[in-house]
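# Coordinates in review
Here are the chains, one letter per residue:
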Amino acid sequence: MEKAAVIYWSGTGNTEIMAQEIFNGIKKAGMEADIFNVSNFSGDISEYSKIAFGCSAMGDEVLEEAEFEPFYESIEGKISGKKVALFGSYGWGDGKWLRDWVERARGKGAAVYGDGLMVNGTPDDEGKAQCVEFGEGFAKF
């Protein structure tokens, strides 16, 4: 049976809310899944057929540099052939960090679900519904 992981970093809690709703959507679609804050992930990504990575935009629209970027760098050589979803919240800019991340993941051979999902600020009810729908779609991807 396929299994998904949702692995995220969240500074303000916004991306954490997104991660939880995406996790809920994956489960709603009937797929087994685990959810981890990146600092609590000690597993092996090879155990998962699908991985949703979440990180908010930081600084000049980049991934968080102290925890998430080093983690992602350490595993990105293992995402070739995996189905990957990318998501995160932002407070400024136009989503360049997510577009760059999608391109980066595809360059490593990952099958990226859509163009990722971003929410400006704290997800409201509509944003949460988008996250659940994103998770359901990813589970079926």
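Structure: see above.
Read on for an overview of the structure. (Residues numbered from 1 in each chain as written. Predicted model: local features only at pLDDT ≥ 70, side-chain atom pairs only at ≥ 80, totals over all residues. Heavy atoms only, no water.)

### Points about the pattern of salt bridges
Tallied over the full model, the rule gives eight salt bridges. Glu-32 is the salt-bridge partner of Lys-3, the closest N and O atoms lying 3.6 Å from each other. Pair noted here: Lys-3 is in strand E1 (residues 3–9) and Glu-32 is in strand E2 (residues 32–37), with a separation of 29 residues, a long-range link. The class for Glu-32 is partly exposed, based on a relative accessible area of 36%. Note that Lys-96 and Asp-100 form a salt bridge whose closest N and O atoms lie 2.6 Å from each other. (Salt bridge = Lys/Arg side-chain N within 4 Å of Asp/Glu carboxyl O. Helix = DSSP H or I, 4+ residues; strand = E, 2+ residues; numbered from the N terminus. Buried < 20%, exposed > 50% of the residue type's maximum accessible area, 1.4 Å probe, protein only.)

### A look at the nonpolar core
Among the nonpolar cores identified, the biggest contains 27 residues, and Ile-7, Phe-53, Phe-68, Ile-79, Leu-86 and Trp-101 are the most heavily contacted of them. Per element, the largest residue contribution to this core is five residues, and it comes from helix H3 (residues 96–107). Excluding residues that lie within four positions of it along the chain, Phe-53 makes contacts with Ile-7, Phe-68, Phe-71, Tyr-72, Ile-75, Ile-79, Val-84, Ala-85, Leu-86, Phe-87 and Trp-101. With 19 residues, the next largest nonpolar core counts Tyr-8, Phe-23, Leu-117 and Cys-131 among its residues. (Core = buried A, V, L, I, M, F, W, Y, C linked by side-chain atoms within 4.5 Å. Contact = heavy atoms within 4.5 Å.)

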